[in-house]
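# Geometric and topological summary
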There are 4 protein chains.
Amino acid sequence: MHLVVRTLDFAGEITDPIHRYIRFSQAEKDVIDSAAFQRLRRIRQLAGAHLVYPSAQHSRFEHSLGAMHIAGLACESLLGKGYIDNAEVVEELRLAALLHDIGHGPFSHLFEEVLETRSGTSHEEMGRRIITKSEIADALGKNGYSADHISRLSFGQSRVHFLNEIISGGLSADIMDYLPRDSYFTGAEYGKIDYYRLISSYEVASGRLAINRSALNSLESMLISRYEMFKAVYFHKTVRSAEVMLLHSMINADEELGLTDTSLGNYLSITDEATLERLCALDNNNSGMAARLARDYRDRRLLKCVYEKLLHKRDRHKRMDRKALSTLEVEIAQAAGVDRSHVFADASRASSMPLTPSKSEMFSVLVTDKKGVREVPVSEIPLVDSIAGFFDMLRIYTTAESRQKVERSVKKVLGDQETMEMGAGRLHGGSNR
Amino acid sequence: MHLVVRTLDFAGEITDPIHRYIRFSQAEKDVIDSAAFQRLRRIRQLAGAHLVYPSAQHSRFEHSLGAMHIAGLACESLLGKGYIDNAEVVEELRLAALLHDIGHGPFSHLFEEVLETRSGTSHEEMGRRIITKSEIADALGKNGYSADHISRLSFGQSRVHFLNEIISGGLSADIMDYLPRDSYFTGAEYGKIDYYRLISSYEVASGRLAINRSALNSLESMLISRYEMFKAVYFHKTVRSAEVMLLHSMINADEELGLTDTSLGNYLSITDEATLERLCALDNNNSGMAARLARDYRDRRLLKCVYEKLLHKRDRHKRMDRKALSTLEVEIAQAAGVDRSHVFADASRASSMPLTPSKSEMFSVLVTDKKGVREVPVSEIPLVDSIAGFFDMLRIYTTAESRQKVERSVKKVLGDQETMEMGAGRLHGGSNR
Amino acid sequence: MHLVVRTLDFAGEITDPIHRYIRFSQAEKDVIDSAAFQRLRRIRQLAGAHLVYPSAQHSRFEHSLGAMHIAGLACESLLGKGYIDNAEVVEELRLAALLHDIGHGPFSHLFEEVLETRSGTSHEEMGRRIITKSEIADALGKNGYSADHISRLSFGQSRVHFLNEIISGGLSADIMDYLPRDSYFTGAEYGKIDYYRLISSYEVASGRLAINRSALNSLESMLISRYEMFKAVYFHKTVRSAEVMLLHSMINADEELGLTDTSLGNYLSITDEATLERLCALDNNNSGMAARLARDYRDRRLLKCVYEKLLHKRDRHKRMDRKALSTLEVEIAQAAGVDRSHVFADASRASSMPLTPSKSEMFSVLVTDKKGVREVPVSEIPLVDSIAGFFDMLRIYTTAESRQKVERSVKKVLGDQETMEMGAGRLHGGSNR
Amino acid sequence: MHLVVRTLDFAGEITDPIHRYIRFSQAEKDVIDSAAFQRLRRIRQLAGAHLVYPSAQHSRFEHSLGAMHIAGLACESLLGKGYIDNAEVVEELRLAALLHDIGHGPFSHLFEEVLETRSGTSHEEMGRRIITKSEIADALGKNGYSADHISRLSFGQSRVHFLNEIISGGLSADIMDYLPRDSYFTGAEYGKIDYYRLISSYEVASGRLAINRSALNSLESMLISRYEMFKAVYFHKTVRSAEVMLLHSMINADEELGLTDTSLGNYLSITDEATLERLCALDNNNSGMAARLARDYRDRRLLKCVYEKLLHKRDRHKRMDRKALSTLEVEIAQAAGVDRSHVFADASRASSMPLTPSKSEMFSVLVTDKKGVREVPVSEIPLVDSIAGFFDMLRIYTTAESRQKVERSVKKVLGDQETMEMGAGRLHGGSNR
């Protein structure tokens, strides 16, 4: 037995309920100690989910540390098999994982949609700027790492494809941290995954990340967990009600508050609660619904869902972007005879959803066994295929005072509600506050 | 708020890792204290699974206590809603749950198949006799309960149908105890279920057990858990190898040892280890394979699986009973030119499987909501439908020395192995010892 | 067996990682839905501990729900034994537990010390006013409960002494929720307690809460947990560094910001992050250290501990209040030749500590057994006695630039550091960030 | 950062609820696959504890794997710090840990006392013979390891002292596996320990195992856990009742059954259940109490405890060995006028206790910090000192029919029962079956 041990130059460690202890190096410590990174403590991992799962107060800060930790485990697995052969790559990958969410603004994915809608900028673009232009660049440089290089790794632009896949996607450190973490902090016990087995089954084939066939069970299980978390938390009807309120409040108020001012000075100062304070302090008269939505969110007076419909497979190609949803809102408001600011359309594939297809959907996985490598469509994993169809749903929310009118008119516009007894039932369940 | 509290006349409590504390009444204590019940400590819950999951040493004793506990919770839920209105029924149902496995012989379901094959007796029949004829009858009588009545409840023969369903079946105390328990003791983390929500959603409709629509998510999740436990544990290839050995050893040795002598005196004396000792002590010459299989089981020298095939939907109606499997064994042995005692056919629907359809398969569930009651086919729960097809698999095992011959010949008899890459892969996984 | 079941009129339930599901009645819902109560979501349970245990982001909101839940369990136990005989008392006690922390300001115990120092008001006094004067009074009245009565119960002023003890103190719903909750969210695994056994052992003797002797083990175990959490979290050297910064920042800035303006309008608007924003926005020149401490806290540039000393038993009577600590700070600063605003003295019995003796220290417990009732001094529980002495420690913190000077001079003022090798060591450990 | 990874030549892995996955090498596999090792599956870790904690059915087999796993982690820590520098030592130490309990007979420590009493042989002596003379020697030799060397390591006879300490003692792989394992399987939630921190703090000083001062908290916590497990499980009054029965049955029957025949052929054939079967099958007339005790144990009709007394510190030097206890039994029986076979004396320091001082008591620990190494008496760890005194207790058990007589007379012989209210209370608690 050949047994060589890693020599760790760790500078410290942090207690974490998910991974027990997370160790960090000096370079990592310097990044973590920057104000730009500390700010992640003030951006919740699950924007509005704590209004339904009160203890889901965890932040991007812990998740980022966890992703770094998992990336480190992934590297150990790949080092052991010879796919990586030097410590530099390990440190770079850990730093990239640590920084993969550094570009998030207040309320994470919600602000991302505001940013895209209002300024055409993505959170990745902001991330790149923060890594290369803030004190984080100094922290990296001081320790001998290139901010540009780390930034490319963080946002999927490395030419070594499998490294990108360790950072984000269906087999990534990202998903392997957020599923158990979101499960732990919400109390929705669906997110238990066996990341140990998945990671120790990592292979590289044709430059891409693969898993050994023996881990297919664990992959199936993780995909089911993700599905259950989607239903119970990420796309929970009431969670989305809260989030739709924040989203519209920010979009409406942006002109006045300049939230999407993409200068680093501004961007790094707007965290969840600071933004909410500013939205709540808006003058009622000028800001239209923005102030009201923010205060109602703060005091938990939520919009009501008056309609939900499962989209047919044939409709799936039409992704409901913000513009399409807006058009629909106007149409429904007119039919109901209410102000259009009282109708809110939400789709499971909206970009403010944490798990939309463009980001982390996995369509196939490379599987290795004694005979070689094979690309297995995810749809061949039996349970996973049947899951797919349940991710496509449209919902209409409205204010308390417009409820009756909108409830009546929405069917005219959208047709009868699907009689998807089970499907509907399944998305209602869980905690009812 | 009307708040009346139960007055508990509990005689004591037991520490249990699954339910924390299990309380019991005097009547229950008297049953538990009987030698016939204490004997369940010596019958493992998962006959041979501990050869793959070493810590799965838990017994029918703990499971029986757990089932009683869950039955008690079920009663509280039904009392609260007025479906039950007196404490007698609660105690009867708890006693019935406590005794639902009292008829199990050594190695549980394995002996059941031996019993059926050799004497045409079921474990329920044995259970009835133990409850009504052993000291357990005295314990019940002393406390004012009818052994006949409890026995009927234990084995699904109450005229009040929903009471039977609390004891066994897809929504029962039985499944809600064994899934988390088997998960805990194997270490296969798939069996976490939310029995609290299921039970608190219990309703009764047309005399049958129903659940409120709000618990459909939890039901779906429990059915997925059961599927994952089936793959990872109950029908794990190596677990079944061990169990097939025990099964055949007992069948072969029964003539000589009289294991299936159904007198209570004999039946109550044969526990797992006592039976194994007797099988191992057999004379090699007379007992054919029986002694060898037992000793190989004891020392963990297991049969090898040389073939597995997923049965087509169209073949499902042909349930592979012991006789059909025997015929197949003979055919394969002849083709391979080996002694027929070296070929072992096993099917996922064999009666020695813990979870065969005849016992606990659930085809539909009554669901209530504001609008009324509706019978929902389980197949409408999306993930569950796709699960169903993966329960039908046939495997051929053989001894080390016959391995090559049987491996070659089996394809001639059974056709090419299914190229169910995923299906097959999925049943291989898990722990590899 | 007499078995009557409670009829629950529950209006809903909330998912909680500690208690799984927390049910609530209509009256409780109305209280929870008030803005004054929702505000607790924005006051962290452990003010600055998340700078050491990043995931300790949980809030007073979840803890309040949990305390209500435990109070409900306590009532069930007492109802079962006849010490309570009507449902009104149960609802009142649950409401009182729900509201026991409603008077907390930003950063919980820290603001309490600010409040006491600057305005002589306690958080209980604020709590009373919020319960009786805010919309919470309406919510209670609407449901037929007296705000005055609930308020008395919440803050230990009921004439029925054992009811007060269920709300706060060594056997209370408060401690039984916060220990496991703080443990869960910090990841410091010391706070597991067996509240089930403690609560089911509840008795009432001479109007006071007692426990049955069979639960002494569980009590001992809970007291040990509390001790371990104290060391690992509540009085962790770095946690207190962060908290001392907040404390002094608020005290210094109060004149300018009017934080301790005790009008309800102001009090209900200042939450953790809102207060931090205001502190960070202060003008450097006018606010002295206040702005600097707040920004350093926000970006995690913490004060350094240059001294710690275990107080002798004989010194314990001199409780180090804010005034005594201030005097000490001046003395040390003078000896060091640094500005007095750079020296910070902290004692384990300061009122900004969550667990100071005045609040929840327990000196004896009533124990019942077959022979009767007996008052057992806590010091008779062997491990507990030896714990007591380790709660008394004094620490000196200072800024980075004054570190060397203060480090040198502090010994002159305070004498040599205790050579309590173990004691000191024990308070150093744990997570090192 | 220098990061070299271990190249693992692992042959497989086993699912384990405590350590998730336990990997093993080919050499380890060959040892595990031997019949002599497989036999450990049939020797329960906690002989009779399952009569009080029903799910405590776990065996020496799982514990041995777990100890090997922990020994491996210990080696990684020591390799990283340069105290070990080659893979051979790692494999040897893992093998030694795997085999440290191989010499145990039926009911573990109980048989050890029988063995010592009747034949003067220790379980270590039997272990040495099994390792060097059974097929295990072949398995080791085949893989290039010396059975003699491994055997010395297994039983504390290596000249490299710190290696012995990794196998057994207060900081060993043994204790770090059994505490959490016994806790998990009993359901008594006291045995949670932070072995990660302890192991990663390992140092070697003067050839002995030391820990870094930063782990003193974790050590204190582990020692408290051990104390709580001792009270709740190992020395639980009813657990010991069951074990005293087995002990006396075996001692009485040994003449007839030859249990302590130390030929390997016999020794390797007697497991828990096989031995119990033989004891129960004894002829009542010849075997005196042996058959009765065994059957009563099997059916859980336990001896009654009529007396317990905490020994004074001054009496501690007189260790109550089997002979002293026998003398006491005779004395009490005479005073009571009952047959001496009806009186059973048990002491917490009897050699049939799993945790007696001679085996694993730790009196001091080497602690390193920046200043150097220091030997810290365990008694300086505050809680630990107060624990020590509670390990010394004497109990008298008797049969149901002699209960009254013995209860009356025992006080004459032993003086009044200690009025150690708390002490006594504390050892009564826990599960009451």
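Predicted, not measured: the structure shown is a model, and the values here were computed from it.

## Regarding helix α17 (residues 289–298) of chain A
Residues and elements named next belong to chain A. Counting buried residues along α17, seven of its ten residues qualify, which places the element largely inside the surrounding structure. Of the positions making up α17, those classed as buried are Met-289, Ala-290, Ala-291, Leu-293, Ala-294, Asp-296 and Tyr-297. On its buried face, α17 is in contact with α13 (237–257), α15 (272–280), α16 (284–287) and β6 (343–347).

## A word on the pairing of strand β4 (residues 208–212) of chain B
Here strand β3 (residues 202–205) of chain B pairs with β4 of chain B via four bridges, running antiparallel. Paired with Ala-205 of chain B across the strands is Arg-208 of chain B, a residue of β4 of chain B.

## Points about the nonpolar core
Note that soluble globular proteins tend to have their nonpolar side chains buried in a common cluster. Core analysis: the biggest nonpolar cluster contains 122 residues, and Leu-140, Met-176, Tyr-202 and Leu-219 of chain C have the highest contact counts within it. In this structure Tyr-202 of chain C touches Ala-74, Ser-77, Leu-78, Lys-81, Tyr-83, Ile-166, Leu-171, Ser-172, Met-176, Leu-209, Ala-210 and Ile-211 of chain C, once residues within four positions along its chain are discounted.

## A look at the confidence of the model for chain A
Residues and elements named next belong to chain A. Of all residues in chain A, 88% have pLDDT values of 70 or greater, and the mean over the chain is 87. Here residues 1–5 is modelled with pLDDT under 50, and outside its nearest four sequence neighbours on either side it reaches 21 contacts, counting other chains as well. Segment residues 419–433 is flagged for pLDDT under 50; beyond a separation of four residues in sequence, or across chains, it makes 52 contacts in the model. Overall fold confidence for the complex sits at a pTM of 0.92, while the interface term, ipTM, reaches 0.92.

## Examining the side chain of Glu-165 of chain C
Residue and element names in this part refer to chain C. With respect to the helices and strands, Glu-165 occurs in helix α9 (residues 161–167). Of note is the side chain of Glu-165, whose polar atom sits 2.7 Å from the backbone nitrogen of Leu-209. Those residues in contact with Glu-165, other than ones at most four positions away along the chain, are Leu-171, Ser-172, Arg-208 and Leu-209.

## Digging into the pattern of salt bridges
Side chains that carry opposite charge are capable of pairing whenever their charged atoms lie near each other. This model, assessed by the stated rule, comprises 120 salt bridges over all chains. Notably, a salt bridge pairs Glu-401 of chain B with Arg-292 of chain B, separated by 2.7 Å at the nearest N-O pair. Of this pair, Glu-401 of chain B sits in the loop between β9 (393–398) and α20 (403–414) while Arg-292 of chain B sits in helix α16 (residues 289–298); the two residues are 109 residues apart in sequence, bridging distant segments of the chain. The partner of Arg-181 of chain C in a salt bridge is Asp-177 of chain C, and the shortest N-O contact between them spans 2.7 Å. Highlighted residues: Arg-181 of chain C and Asp-177 of chain C, both in helix α10 (residues 173–186), separated by four residues, approximately one helical turn. As far as the burial class goes, Arg-181 of chain C and Asp-177 of chain C line up, both buried. Among the charged side chains, a network of salt bridges with common partners joins Arg-292, Asp-296, Arg-298, Asp-299, Arg-301 and Glu-401 of chain A.

## Focus: the sheet that holds strand β5 (residues 304–310) of chain A
All names here are of chain A. Taken together, three strands build an open sheet; the order of strands is β5-β9-β6 and the sheet is antiparallel. Of all strands in the sheet, those bounded by a partner on one side alone are β5 and β6. Strand-to-strand twist of the sheet, defined as the mean angle between neighbouring strand axes without regard to direction, takes the value 20°. The pairing of β6 with strand β9 (residues 393–398) spans five bridges and is antiparallel. Note on β9: the bridge partner recorded for Asp-346 is Arg-395.

## Comments concerning the interface of chain A and chain C
Often, the extent of an interface is quoted as the loss of accessible area on bringing the components together. With 43 residues of chain A at the contact, the number on the chain C side is 42 residues. Taking both sides of the interface into account, the surface hidden between chain A and chain C amounts to around 3,600 Å²; carbon and sulfur atoms contribute 51%. For the interface between chain A and chain C, the tally reads two salt bridges. Linking Arg-42 of chain C and Glu-273 of chain A is a salt bridge whose minimum nitrogen-to-oxygen distance equals 2.9 Å. Our count for the chain A to chain C interface comes out at ten residue pairs in polar contact (both at pLDDT 80 or more). Counting residues per element, the ones that place at least two in the side of chain A that touches chain C are β1 (10–16), β2 (20–25), α1 (26–32), α2 (35–38), α3 (60–80), α10 (173–186), α15 and α17 of chain A.

## Notes on unusual backbone geometry
All names here are of chain A. Unlike most non-glycine residues, Phe-107 shows phi in positive territory, near 60°. Tracing the sequence through the fold places Phe-107 in the loop between α4 (87–98) and α5 (109–119). A relative accessible area of 1% means that Phe-107 is categorised as buried.

## Structural notes on the packing of helix α3 (residues 60–80) of chain D against helix α4 (residues 87–98) of chain D
Residue and element names in this part refer to chain D. Closest axis-to-axis distance for the α3/α4 pair is 7 Å, and the angle between their directions is 155°. In terms of their interaxial angle, α3 and α4 are classed as roughly antiparallel. Seen from above, α3 lies across α4 with right-handed handedness. Residues Ser-64, Leu-65, Ala-67, Met-68, His-69, Ala-71, Gly-72, Cys-75 and Leu-79 of α3 pack against Val-90, Leu-93, Arg-94, Ala-97 and Leu-98 of α4. Class assignment of the residues belonging to the contact of α3 with α4 gives a composition of ten nonpolar, three polar and one charged.

What counts as what
Residues numbered from 1 in each chain as written. Chains lettered and ligands numbered in written order. Predicted model: local features only at pLDDT ≥ 70, side-chain atom pairs only at ≥ 80, totals over all residues. Heavy atoms only, no water. Buried < 20%, exposed > 50% of the residue type's maximum accessible area, 1.4 Å probe, protein only. Helix = DSSP H or I, 4+ residues; strand = E, 2+ residues; numbered from the N terminus. Contact = heavy atoms within 4.5 Å. Pairing = 2+ DSSP bridges. Core = buried A, V, L, I, M, F, W, Y, C linked by side-chain atoms within 4.5 Å. pLDDT = per-residue confidence, 0-100. Polar contact = N/O pair within 3.5 Å; in protein donor to acceptor, adjacent residues only side chain to side chain. Salt bridge = Lys/Arg side-chain N within 4 Å of Asp/Glu carboxyl O. Axes fitted to C-alpha atoms, helices over the stretch in contact; angles between N-to-C directions. Buried area = accessible area lost by both parts, 1.4 Å probe. Parallel < 35°, antiparallel > 145°, perpendicular 65-115°, else oblique. Left-handed = near helix turned anticlockwise from the far one by under 90°. Nonpolar A, V, L, I, M, F, W, Y, C, P; charged D, E, K, R; others polar.

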